[in-house]
Amino acid sequence: MGTTASQLGKDLLSEYQELTFLTKQEILLAHKRFTELLTKDEKDLPNTRVPVERILTLPELKSNPFRKRICHVFSTSEYKDGSLTFEDFLDLLSAFSDSATMEIKSHYAFRIFDFDDDGTLDCGDLEKLVNCLTGETDDTRLTTEEMRQLISNILEESDIDKDGTVNLSEFQHVISRSPDFVSSFKIVL
Amino acid sequence: MYSEPQRPGSRQVDDYIEENGYPSDQQSLRLRRVSSRVSNQNYPQHDRSSTPAEENDSGSSGPPRDLKAIPLPMALKRAVRQVQQMQVPVVSSRQSWRRKKNKSLQKLNENARGLLHFFTLWRKTLQQIGGNFGGGVQSYFLFLRFLVVLNFVSFLLIAGFVLIPSIVVRSVGTSVVNSTGADECTVYDPNPQGLVVFYNYFLDLLLGTGFMEYSYMFYGYYNNTMVEDSDFSYNIPLAYLFTAVFYFFFCLICIIARMGTAARVAVATGGSSVGNYSIIVFTGWDYGCQGGRATKLKQKNVHYQLQVDLEEEIIKKKAAALTLCQKIVLYSLRVFMFFVSFGLIVAAFYGIFMATNFSQEMSGEEGILGLLLEYLPSIAITIGNFVVPLLCDQFTLIERYTPSTTVIVTLLRAVFLRLVGLGVLLFTLWHQITCEGDTESEGCKLCQYNYEVYPCWETRVGQEMYKLTLFDLLINIGVLVLVEFPRRMVVDNWSNKLAQWVGRQEFVVSANVLGLVYGQTIVWTGALFCPLLPLINTIKFVLLFYIKKITLFSNCRPALKTFRSTTSTFFFLVVLLFGWGLATVVMVYSLAQIRPSMGCGPFRFFPNMWSIVPTSFYSLSKITQDFLFFIGSQSFSIPLFALSCVGMCYFVALASVYGKTVALLRAQLKLEGRDKQFLVKQIENLSRHQILKHTAGAHE
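Residues numbered from 1 in each chain as written. Chains lettered and ligands numbered in written order. Predicted model: local features only at pLDDT ≥ 70, side-chain atom pairs only at ≥ 80, totals over all residues. Heavy atoms only, no water.

### So, helix H7 (residues 102-113) of chain A
All names here are of chain A.
- Helix length check: H7 (12 residues) gives 16 Å between terminal C-alpha atoms against 16 Å at 1.5 Å per residue, within 8%.
- Across the 12 residues that make up H7, a large majority, 11, are buried.
- When H7 is considered as a whole, its buried residues turn out to be Glu103, Ile104, Lys105, Ser106, His107, Tyr108, Ala109, Phe110, Arg111, Ile112 and Phe113. (Helix = DSSP H or I, 4+ residues; strand = E, 2+ residues; numbered from the N terminus. Expected span 1.5 Å × (residues − 1). Buried < 20%, exposed > 50% of the residue type's maximum accessible area, 1.4 Å probe, protein only.)

Spelled out as structure tokens, the structure:
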């Protein structure tokens, strides 16, 4: 039940169509781009796992500041090293696709922003998040004073139960207010 | 802890979730279900996650959960699917029929979407623009694409109902109705006499005169023929009128439909706003950004936005701390600046008025001077639209509003200037056509319009609109070639301090959008008099798309201050509606008040254009007449009005209920959080007591 050598079987294709938000053309395109990442010997093996460095050569992910987190979240590897199989890749594209629901996008966005994987966004996660957004160079980083003010503003707005962290439902509550989220949380090959 | 029987597949699923540190689907949902049973109906988007809990423990049949929306890896989704397939749901035949129907409908939907995907215009280009320049600039191009499609469909409408029947009728050659009224009014001979110099053709193309004037382009060419065959009748004047009116309604519906998506979000969330910062940080990143340069730009952008917001907060705090004396000074400055800018705008209007008058007086000149004089109104409007916003921008420095208010104030001023400027032009034309509204005066007594200067006034108005459209396009091309390319070459090759300070062109979205709205308003105003104008506008907008794309990619650097894309789309459509309103006023007035020309056009023997409707009305059958009378009468319209009021009240009430529910649930969540903290403290105290007891016991 993995990818065959060079073509997807018809029933496998329809199964993927049922389990993801991708259309048939998108799945075929994803398959093409994924097989381009494989070396010659890997192409014959079913269910190959591509290491994270090769995934990050894709132009859509190459300069994304969250690229490592994205690979980590969608990876089903036991070593948690961010390597992806083709099915993981399809899951990734499905969550980032045009027709994915707001709910699934916000769920995965939450997991991507949760840098320490503890199920909530605390001050450390928020600080790392803001640094990713503004860039790591010195002239685009916020000063410590601005960062402190910003994080306290964020927690004041979104932490409803005042426990100092933003959990999944509070996060989804903020996201539901923003009409831009669905259109910006999109990666199309 | 939970005693319901769990199926093996779902246990596997729950294990996976728990080992990844997330509260089990069921556990968190159990908590939520208890406290928010009320909210289930009001939050359709959370419905999905609550159904599996209900499904699993009750074991009853519900609709099979949409597998795509489960946030799990593929292998586990397969497991869930197997579990679902193993469950033999006890469903009635009706439910299973409904489920099959839903599935086939979904398949149809997917196929349709796939097909639409293939036909979408400029999809790849828009993706590129969005990735490199951000959502704000992309929304401008999306708006432009919307207008292109709207104009093209309108053209098809007009072609189908007016143009093609006119062509058919003309070739068949039926007769014209007899004439009444003075003979001088019916004199209209636009065809040029004698030999025509070659460059005149080019001038005619630019001015809409000569060979273009007496063509399908303008109102004057259409005849008032009414074909009446044995089994087929077609009333061209009636078709012309109804097509024009329907065209306006059609555009209104399209605009409102497009506004609907953005407005829906505001209604559903009860109108309350969660703060800026969370939204910028959680939803600010555009994952479509490609390439190192675009990413760095977006990062700079986000950084700038956050800084501006933090700064605005500090400014607001400072403004609240101003003394009374300083406040008075600031407000009086603002009022003064308002009057100055208003005075500037009025001066621009006066300039347009004078230019139009002068141009109409001097019409008839030949050659290049004549061309310039004909285009004088367009030139005046363009200069006004360029100079006044530039000056007003300097005023905003003195007014010292917060950055967000400044943007709105600038935009409103520019919109006012553009649309009312156009209104002034139309008013001036009306002035001259109807001799300032006085039908008893010298020039207008005979035909109720100024027949000497305007033997066919509708064509004249159509020509003015045509000239405006063309001039707009020429200006855009001219600015691209003569201003933007040289500016880029100077900035890139001349490392002077001045050149660097001026810098590369920035793509200012608001100014460009206003240009589009202005162009579309001209087309709406002129569509009644120049039926082919939507087609010309379609071509113009397509050319404009490519021109703007070229200038964007070659000459521009991305703006540091950006718009938010959905609110800006909503704003663009609101401004477009203002333009539509202006055009509607013009159309209604022309239909109802001004006497149509007697020398040309489909309405030549009617006192006003609308009067053809009652005339044709009486030729319908008795039953249809009675039915239409009934619909127009009070016994139908008053109940209809009352019903729509009730409907509107219902929706307003619904929106306010949503808002109140949201507030209530937030308060509830706060309380629960506090309860949780209280209980945690209690547990800590108790365990401490236990430990102390133990150690005390151990000592003894």
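Once the structure has been displayed, the description carries forward.
### Quick look at the UniProt feature "domain: EF-hand" (unreviewed entry) in chain A
Residues and elements named next belong to chain A.
- Using the residue numbers shown here, the UniProt feature "domain: EF-hand" (unreviewed entry) corresponds to residues 101-136 and 146-181.
- Strand forms 0% of residues 101-136 and helix 67%; the C-alpha atoms that close the span are 32 Å apart.
- Across residues 146-181 one finds 67% helix and 0% strand; the C-alpha atoms that close the span lie 25 Å apart. (UniProt positions renumbered as here; feature names shortened; annotations may be inferred.)

### Looking at the interface of chain A and chain B
- The interface of chain A with chain B comprises 75 residues on the first partner and 63 residues on the second.
- Surface buried jointly by chain A and chain B totals about 6400 Å² across both partners, of which 57% is contributed by carbon and sulfur atoms.
- Taken as a group, Leu19, Leu133 and Arg177 of chain A account for 12% of the area that chain A buries against chain B, more than any other trio of residues on that side.
- Linking chain A with chain B are five salt bridges, by the criterion used here.
- For Arg81 of chain B, the salt bridge goes to Glu15 of chain A, with nearest N and O atoms at 3.3 Å.
- Our count for the chain A to chain B interface comes out at 12 residue pairs in polar contact (both at pLDDT 80 or more).
- Looking at the side of chain A that touches chain B, the elements that each hand over two or more residues are helix H1 (10-19), helix H4 (59-62), helix H6 (86-95), H7, helix H8 (123-134), helix H9 (144-158), helix H10 (168-177) and helix H11 (181-184) of chain A.
- Its residues placed into classes, the side of chain A that touches chain B shows 34 nonpolar, 20 polar and 21 charged. (Contact = heavy atoms within 4.5 Å. Buried area = accessible area lost by both parts, 1.4 Å probe. Salt bridge = Lys/Arg side-chain N within 4 Å of Asp/Glu carboxyl O. Polar contact = N/O pair within 3.5 Å; in protein donor to acceptor, adjacent residues only side chain to side chain. Nonpolar A, V, L, I, M, F, W, Y, C, P; charged D, E, K, R; others polar.)

### Some details on empty space enclosed by the protein
All names here are of chain B.
- Inspection of the entire model under this criterion finds nine cavities of 30 Å³ or more.
- Lining the largest cavity, in full, are Ile158, Val162, Tyr240, Thr243, Ala244, Tyr247, Phe248, Ala527, Leu528 and Pro531.
- Counting only elements with at least two residues in the lining of the largest cavity, the list comes to helix H7 (135-172) and helix H9 (236-268).
- Considering every element that reaches the lining of the largest cavity, the biggest residue donor is H9, with five residues.
- Of the residues contributing to the lining of the largest cavity, the split by class is nine nonpolar, one polar and no charged. (1 Å grid on protein atoms, 1.4 Å probe; cavity = no way out; pocket = protein on both sides within 12 Å on 5 of 7 lines; lining within 4 Å. Points joined across faces, edges and corners; volume = space filled by probe spheres on them.)

### What about the environment of Phe578 of chain B?
Residues and elements named next belong to chain B.
- By the secondary structure assignment, Phe578 is in helix H20 (residues 565-592).
- Spatially, the C-alpha atoms of Phe578 and Gln677 are 54 Å apart, while their sequence positions differ by 99 residues.
- In this structure Phe578 touches Val415 and Leu419, once residues within four positions along its chain are discounted.

### A look at the packing of aromatic side chains
- Under the definition given, this model contains 41 aromatic pairs over all chains.
- Between the aromatic rings of Phe110 of chain A and Phe171 of chain A, the centroid separation amounts to 5.4 Å while the plane-to-plane angle is 55°, which identifies the pairing as tilted. Of this pair, Phe110 of chain A sits in helix H7 while Phe171 of chain A is found in helix H10, placing the two residues 61 residues apart along the sequence. The same class applies to Phe110 of chain A and to Phe171 of chain A, which are both buried.
- Both rings, one in Trp122 of chain B and one in Phe545 of chain B, keep their centres 3.8 Å apart while their planes meet at 10°; by these two values the pair is stacked. Of this pair, Trp122 of chain B sits in the loop between helix H5 (93-119) and helix H6 (123-133) while Phe545 of chain B is found in helix H19 (residues 533-555), placing the two residues 423 residues apart along the sequence. (Phe/Tyr/Trp six-rings, centres within 6.5 Å; stacked < 30°, edge-to-face > 60°.)

### Brief notes about the state of the cysteines
- Taken as a whole, this structure holds zero disulfides over all chains when the rule is applied.
- We note that Cys123 of chain A lacks a disulfide partner, and the nearest cysteine sulfur, in Cys132 of chain A, lies 16 Å from it. (Disulfide = S-S within 2.5 Å.)

### A look at a nonpolar patch on the surface
All names here are of chain B.
- A grouping of Val197, Phe198, Tyr199, Tyr201, Phe202, Leu205 and Phe211 is seen on the molecular surface, where their side chains present a nonpolar patch of about 790 Å² in accessible area.
- Position of Phe211 among the secondary structure elements: in the loop between helix H8 (198-207) and strand S1 (226-228).
- With a relative accessible area of 42%, Phe211 lands in the partly exposed category. (Patch = residues over 30% accessible without salt bridge, like charges linked within 9 Å, V, L, I, M, F, W, Y side chains within 5 Å. Areas by Shrake-Rupley, 256 points an atom, 1.4 Å probe, with all protein chains shown as cover.)

### Describing the environment of Arg113 of chain B
- Take Arg113 of chain B: it is sitting in helix H5.
- Separated by 84 residues in the primary sequence, Arg113 of chain B and Val197 of chain B have C-alpha atoms spaced 55 Å apart.

### A look at unusual backbone geometry
All names here are of chain A.
- The backbone of Lys80 sits at a positive phi, close to 55°, despite the residue not being glycine.
- Inspection of the secondary structure puts Lys80 in the loop between helix H5 (67-74) and H6.
- Of the residues examined, Lys80 reaches a relative accessible area of 49% and is grouped as partly exposed.
- Notably, Asp117 is not glycine yet its phi reads approximately 55°, a positive angle.
- The topology assignment puts Asp117 in the loop between H7 and H8.

### So, the pattern of salt bridges
Residue and element names in this part refer to chain A.
- Tallying each qualifying case throughout the model produces 14 salt bridges over all chains.
- A salt bridge links Arg54 to Glu42, with the shortest nitrogen-to-oxygen separation between them at 2.9 Å. Pair noted here: Arg54 is in helix H3 (residues 52-55) and Glu42 is in the loop between helix H2 (24-37) and H3, with a separation of 12 residues, a long-range link.
- For Arg54, a relative accessible area of 24% translates into the label partly exposed.
- According to the relative accessible area criterion, Glu42 is buried, its value standing at 17%.
- Between Arg69 and Asp117 there is a salt bridge, with its nearest N and O atoms 3.2 Å apart. Of this pair, Arg69 sits in helix H5 while Asp117 sits in the loop between H7 and H8, and the two are 48 residues apart along the sequence.

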